[in-house]
Amino acid sequence: MLVRPAPGPAAETPGPVGRPVCILASPKDRFRATQPFHALLAGSVEAQGMVVDEFTPRRCLMGRYDIVHLHHPEKFVTRSLGARDLARFGAFFSVLRAQRAKGARIVWTAHNEGPHEPGHPLLERLYWRLLLPLLDGVIYLSESSRAQLVRSKPRLSRIPGFVIPHGDFRTAYANGIDRATARQRLGYTGTERVLAFVGNIRAYKNVAALARAFADLPDPDLRLLIAGHVHTAELAAEIGMVAARDPRIRLIDAFVDGDDMQLYLNAADLVVLPFRRILNSGSAILALSFDRPVLVPDLGSLRELQGLVGADWVQLFRGEISPDILRHALGRFLSQPRPPRAPLESLAWERIGEQTAAAYRAVL
């Protein structure tokens, strides 16, 4: 059931008893440094005259809210079935039910189709069996991700759905370092062509395959910058082994803080995100927010992102990342002029706040 409520002004946001609509967001801004999306969304909703609190189990159990907004409930699906994991899993659904019994509506933003890394299959099946009946609304970040999720979880077709895009990150990070300064600090010259992957490095992001494909390109003026925390020692060793054999590849295995984000992205000519699987990509929108073109697989909502900002900024590939795909992308992006700024007007947070507030009102 796809619902398209017309956005209303902030003056039209009273709750059921004439007070502002109150939202319990999981999370709101607890992870601002690493995942600013949630804080940006909460701010845009608060600009509509609503009240947003940070989710805690105590607030969910003891407070009264109109909306509980869930972002990543799949975090409770773990690889193990330890007592602590099961207790957290059960407590989460217990407090959700307690809040719903008080009249709250449960809204889920479908960032992913499921856990990025495989969890315990029995727990994952139980997770969906418990979550779906609780939902009063689902926010999809694109039409294509809505279609994909409804295909895999047909029950979602009976829950009111709202397509609201992922907002940009233009205001989330400092961006005062120009290209020349960024390259100088990293030891790159103005003539080298720099490909970059920036962000947390997990197996599904396929960064090791990117390093191997790059290493098969003979051009001595190419550079590959991989910056981000590698989540397993095995993956770090796999990427590090390729980098050790090719001095053109630099691996910076560390969390990328706000100041370094501008350094790495502004130094890049092209950001490459070679995911094996993906539904929505905040990493692609992050690169575009720094006006860097991206090379991404034709998966999930990324073709739709290309339609929003144009093929000059988003190039798609199919299959496994390869030297030929990288070579073609470099030739196209470096020989083709583009405007200095990526056209992200459709991802503006003011508009997203209006649409999200309208979705809340629609389920109340």
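Here's what I pulled together on the structure shown here.

What counts as what
Residues numbered from 1 in each chain as written. Predicted model: local features only at pLDDT ≥ 70, side-chain atom pairs only at ≥ 80, totals over all residues. Heavy atoms only, no water. 1 Å grid on protein atoms, 1.4 Å probe; cavity = no way out; pocket = protein on both sides within 12 Å on 5 of 7 lines; lining within 4 Å. Points joined across faces, edges and corners; volume = space filled by probe spheres on them. Helix = DSSP H or I, 4+ residues; strand = E, 2+ residues; numbered from the N terminus. Nonpolar A, V, L, I, M, F, W, Y, C, P; charged D, E, K, R; others polar. Core = buried A, V, L, I, M, F, W, Y, C linked by side-chain atoms within 4.5 Å. Buried < 20%, exposed > 50% of the residue type's maximum accessible area, 1.4 Å probe, protein only. Pairing = 2+ DSSP bridges. Axes fitted to C-alpha atoms, helices over the stretch in contact; angles between N-to-C directions. Contact = heavy atoms within 4.5 Å.

Quick notes on the layout of surface pockets
Phase 1 of the analysis: The space that makes up the largest pocket amounts to roughly 1400 Å³.
Phase 2 of the analysis: Lining the largest pocket are 50 residues, with Gln35, His72, His116, Asn200 and Arg202 sitting closest to its centre.
Phase 3 of the analysis: Elements with a contribution of two residues or more to the lining of the largest pocket: helix 1 (37-46) and helix 10 (282-289).
Phase 4 of the analysis: Broken down by element, the residue count for the lining of the largest pocket peaks at 3 residues, all from helix 10.
Phase 5 of the analysis: A class-by-class count of the residues in the lining of the largest pocket yields 22 nonpolar, 22 polar and 6 charged.

As for the nonpolar core
Phase 1 of the analysis: Leu288, Leu295, Val314, Ile321 and Leu326 are the most contacted members of the largest nonpolar core, which totals 91 residues.
Phase 2 of the analysis: No other element matches the 7 residues that helix 7 (residues 207-215) contributes to this core.
Phase 3 of the analysis: Within the second largest apolar cluster, 33 residues are counted, among which are Val68, Phe93, Val95 and Leu135.

Thoughts on the sheet that holds strand 10 (residues 270-272)
The strands that make up a sheet pair up through hydrogen bonds in the backbone, lying either parallel or antiparallel.
Phase 1 of the analysis: Strand order in the open sheet formed by 6 strands is 9-8-7-10-11-12, with parallel pairing between adjacent strands. Across the chains shown, the open sheet's two edge strands, defined by having one partner strand only, are strand 9 (249-252) and strand 12 (314-317). The sheet shows a mean angle of 25 degrees between the axes of neighbouring strands, taken without regard to direction.
Phase 2 of the analysis: Sheet topology places strand 11 (residues 294-297) next to strand 12; 4 bridges connect them, and they run parallel. When the sheet's bridge partners are listed, Val294 is paired in strand 12 with Val314.
Phase 3 of the analysis: Against the sheet, helix 8 (residues 233-245) contacts strand 8 (222-227) and strand 9, and its axis sits at roughly 150 degrees relative to strand 9.

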